[in-house]
Amino acid sequence: MAHAAPYAPFTADVLNGASEGELTFRLPDPEDQGISDYDFAQMIEAAWQVCDRFDLQTDIWRGRILKVVRDREKVGGDQGGRGFLKWLQEREISKSQAYALMELADSADLLLESGVLEPEDVNQFSKRAFMETAQSPPEVQQMVGDAAKKGDRITRREVRQLSDEWTAITSDLLPEEIKEKAANSIIPPRYIAPLVKEMEKLPPPHQKQLQQEVTLNPDVDTIKQATSEARFLAKYLDAATQVQALNREGMDLELALEEALRIGCLNATADLVNSAAQLEQTIAKLYGTWKKLNSLAERVYLDSGSSTPHLRSLLAFLTPLSGETLEIQIGEADSPLSRTIRLRILPETEGESLPTGESLPSDMEASSPVPSEVDQEEW
């Protein structure tokens, strides 16, 4: 993939007067009491900003370099037997890092080619602010670009502030009363933008309910409450669809949600359903790991014999984890807080044979350790 024109250069003021390819500073002496705290902070901040600009431009160029290496391979060039992945391995760069850098380079080139930024404007950005700008809507990018062209220092905070302001006055999810108050700075946009982001995750009926709430009371406290409610609503709706135990006839998730809202326990209900989803996932993962452990134990047992007593001993000591009843002790054995937790995995049908761990030869079971009798619990 050939590029029609060379990449736009950057103004190299990041070199701070140093010779090409160097980055040098005169940092203040931390023990010099003749420098005021204010001057010390200013000198450190200036040096840090130069590093920020240098890091940003370096990463953009690294992304461009990676794209060139990748595109060379696409058109059939083998680079002397070293393809793109080999090139990354030699430089200890992961694929995720490489694609993140290439994405940053694409964003920079798009902003430059569209006229949002001039090459020298990039020096006004911190690295994180530039990445935040690249992920913002085009209208926000234009506002940020205008500020950079005026010489303003662009940090991530400024980008987010502009993004919040744009969201607060343009989102179709907000009632006109809220938009007007945002436009007139009566309600700070930083409170409104999170509400919009949470409402976007909800189906229309729930969006309408929240819109009615903030229309009746268009103030900061109501917006905060609506944002919290929207967050837990989204959490509940997302988790509830993943819980198999709830995916049965007779369970009405919407009515349960209405009742939770009515008695004011939406937060706890959302956490309850989310915990249930996590527990089901954990059980599925546990079962898969247990099956793998049994398979490996059987393989090692068949490969070992009387000449490998220590290997057989290892298998025996793992019996509490490979049998039908899994057992683990929590806490020190002599502690009054010690607990032995047992989890039992039952066959799916009565005629199904017991798991592999239960049918291992008796010489493995005979040497298994005796479980603690302190506060045993069976689940």
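Residues numbered from 1 in each chain as written. Predicted model: local features only at pLDDT ≥ 70, side-chain atom pairs only at ≥ 80, totals over all residues. Heavy atoms only, no water.

K.L.:
How should the overall build of the protein chain be read in this particular structure?
P.N.:
On a plain count of helices and strands, the protein chain comes out with 15 helices and three strands. Burial analysis of the protein chain (379 residues in total) assigns 33% to the buried set. Counting contacts in the protein chain only where the partners sit at least 6 residues apart, residues at least 24 apart contribute 62% of the total. Roughly 23,900 Å² of accessible area belongs to the protein chain as shown, and the carbon and sulfur atoms make up 53% of that amount. (Helix = DSSP H or I, 4+ residues; strand = E, 2+ residues; numbered from the N terminus. Buried < 20%, exposed > 50% of the residue type's maximum accessible area, 1.4 Å probe, protein only. Contact = heavy atoms within 4.5 Å. Areas by Shrake-Rupley, 256 points an atom, 1.4 Å probe, with all protein chains shown as cover.)

K.L.:
Mind showing me how you'd approach a negative patch on the surface here?
P.N.:
A cluster of acidic residues, Asp252, Glu254, Glu258 and Glu259, forms a negative patch on the protein surface. Note that glutamate 254 resides in helix H11 (residues 253-263). (Patch = residues over 30% accessible without salt bridge, like charges linked within 9 Å, V, L, I, M, F, W, Y side chains within 5 Å. Salt bridge = Lys/Arg side-chain N within 4 Å of Asp/Glu carboxyl O. Lys, Arg positive; Asp, Glu negative; His and termini not counted. Charge placed at Lys NZ, Arg CZ, Asp CG, Glu CD.)

K.L.:
Honestly, unusual backbone geometry in this entry has me stumped. Any pointers?
P.N.:
Not every positive phi belongs to a glycine, and glutamate 92 is a case in point at roughly 55°. As for its position among the elements, glutamate 92 is in the loop between helix H2 (84-90) and helix H3 (95-113). On the basis of relative accessibility, which here comes to 73%, the residue glutamate 92 falls in the exposed class. You will see that serine 185, though not glycine, has its phi angle at about 65°, which is positive. Relative to the elements of secondary structure, serine 185 occurs in the loop between helix H7 (176-183) and helix H8 (189-199). Judged by relative accessible area, serine 185 falls into the exposed class, the value being 62%.

K.L.:
I keep staring at the environment of arginine 312 and nothing clicks. Help me out?
P.N.:
Note that arginine 312 resides in helix H13 (residues 309-317). When the C-alpha atoms of arginine 312 and tyrosine 301 are compared, they prove to be 7.0 Å apart, with 11 residues separating the residues in sequence.

K.L.:
How should I be thinking about the packing of H3 against helix H4 (residues 127-134) in this particular structure?
P.N.:
When two helices pack together, their arrangement is given by the angle between the helix axes and by the axis-to-axis distance. Relative to each other, H3 and H4 sit at 70°, their axes nearing to 10 Å. Compared by their axis directions, H3 and H4 come out roughly perpendicular. Between H3 and H4, the contacting residues are Leu104, Ser107, Ala108 and Leu111 on the first element and Phe130, Met131, Thr133 and Ala134 on the second. When the residues that make up the contact of H3 with H4 are grouped by side-chain class, the tally is six nonpolar, two polar and no charged. (Axes fitted to C-alpha atoms, helices over the stretch in contact; angles between N-to-C directions. Parallel < 35°, antiparallel > 145°, perpendicular 65-115°, else oblique. Nonpolar A, V, L, I, M, F, W, Y, C, P; charged D, E, K, R; others polar.)

K.L.:
What am I meant to see in the pattern of salt bridges here?
P.N.:
Side chains that differ in sign of charge can pair as their charged atoms come close. Applying the stated criterion across every chain, the model contains 14 salt bridges. Between lysine 127 and aspartate 59 there is a salt bridge whose closest N-O contact spans 2.4 Å. Of this pair, lysine 127 sits in helix H4 while aspartate 59 sits in helix H1 (residues 37-74); the two residues are 68 residues apart in sequence, bridging distant segments of the chain. Judged by relative accessible area, which is 26%, lysine 127 ranks as partly exposed. With a shortest N-O distance of 3.6 Å, arginine 344 and glutamate 324 are connected by a salt bridge.

K.L.:
Where do I start with the nonpolar core in this structure?
P.N.:
Nonpolar side chains in soluble globular proteins tend to be buried together. Ile178, Ile192, Leu195, Leu210 and Ile223 are the most contacted members of the largest nonpolar core, which has 28 residues in total. Of all the secondary-structure elements, those providing two or more residues to this core are H7, H8, helix H9 (204-216), helix H10 (220-240) and helix H12 (266-303). The biggest single contributor to this core is H10, with nine residues. Grouped together as the second largest cluster of nonpolar side chains are 18 residues, Leu111, Leu117, Phe130 and Val159 included. (Core = buried A, V, L, I, M, F, W, Y, C linked by side-chain atoms within 4.5 Å.)

K.L.:
Is there a simple way to think about the environment of isoleucine 169 in this case?
P.N.:
Along the chain, the position of isoleucine 169 falls in helix H6 (residues 156-170). In the structure, isoleucine 169 is positioned 11 residues away from glutamate 180 in sequence and 7.4 Å away in space, judged by C-alpha atoms. Isoleucine 169 has contacts with Lys179, Ala182 and Ala183, leaving out every residue within four places of it along the chain.

K.L.:
Explain the packing of aromatic side chains here, please?
P.N.:
Geometry of an aromatic ring pair is reported as the spacing of the ring centres plus the angle between the planes. Scanning the entire structure with this criterion turns up three aromatic pairs. Taking the centre distance of 6.4 Å and the plane angle of 75° together, the rings of phenylalanine 84 and tyrosine 99 count as edge-to-face. One end of the pair, phenylalanine 84, is in helix H2; the other, tyrosine 99, is in helix H3, and 15 residues separate them in sequence. Taking the relative accessible area as the measure of exposure, phenylalanine 84 reaches 3% and is therefore buried. Judged by its relative accessible area of 41%, tyrosine 99 falls in the partly exposed class. On the basis of an interplanar angle of 35° and a centroid distance of 5.8 Å, the ring pair of tyrosine 287 and tryptophan 290 is categorised as tilted. A residue pair is termed a helical-turn pair when its members lie 3 or 4 positions apart in one helix, as tyrosine 287 and tryptophan 290 do in helix H12 at three residues. Over the ring of tryptophan 87 we find arginine 91; its NZ or CZ atom is 3.7 Å from the centre of that ring. (Phe/Tyr/Trp six-rings, centres within 6.5 Å; stacked < 30°, edge-to-face > 60°. Lys NZ or Arg CZ within 6 Å of the ring centre and 35° of its normal.)

K.L.:
I'm lost on the confidence of the model for the protein chain in this one. Help?
P.N.:
A low pLDDT means the predicted coordinates there should not be read in detail. In this model, the protein chain carries a mean pLDDT of 82, and residues with pLDDT of at least 70 account for 84%. This model gives residues 1-5 a pLDDT under 50, and the stretch forms four contacts once residues within four places in sequence are excluded. Scored below 50 in pLDDT, residues 11-21 shows 19 contacts in the model against residues more than four places distant or in partner chains. (pLDDT = per-residue confidence, 0-100.)

K.L.:
Before we go on, may I ask you to explain a nonpolar patch on the surface in this structure?
P.N.:
A grouping of Val300, Leu311, Leu314, Leu318 and Leu321 is seen on the molecular surface, where their side chains present a nonpolar patch of about 360 Å² in accessible area. Along the polypeptide, leucine 321 turns up in helix H14 (residues 319-322).

K.L.:
How should the packing of H10 against H12 be read in this particular structure?
P.N.:
Put simply, H10 and H12 touch, their axes get as near as 8 Å, and they point 30° apart. Classified by the interaxial angle, the pair formed by H10 and H12 is roughly parallel. Relative to H12, H10 is oriented so that their crossing is left-handed. For the pair formed by H10 and H12, the contact residues are Glu229, Phe232, Leu233, Lys235, Tyr236, Ala239 and Ala240 on the first element and Leu266, Asn267, Thr269, Ala270, Asp271, Val273, Asn274 and Ala277 on the second. By residue class, the composition of the contact of H10 with H12 is nine nonpolar, three polar and three charged. (Left-handed = near helix turned anticlockwise from the far one by under 90°.)

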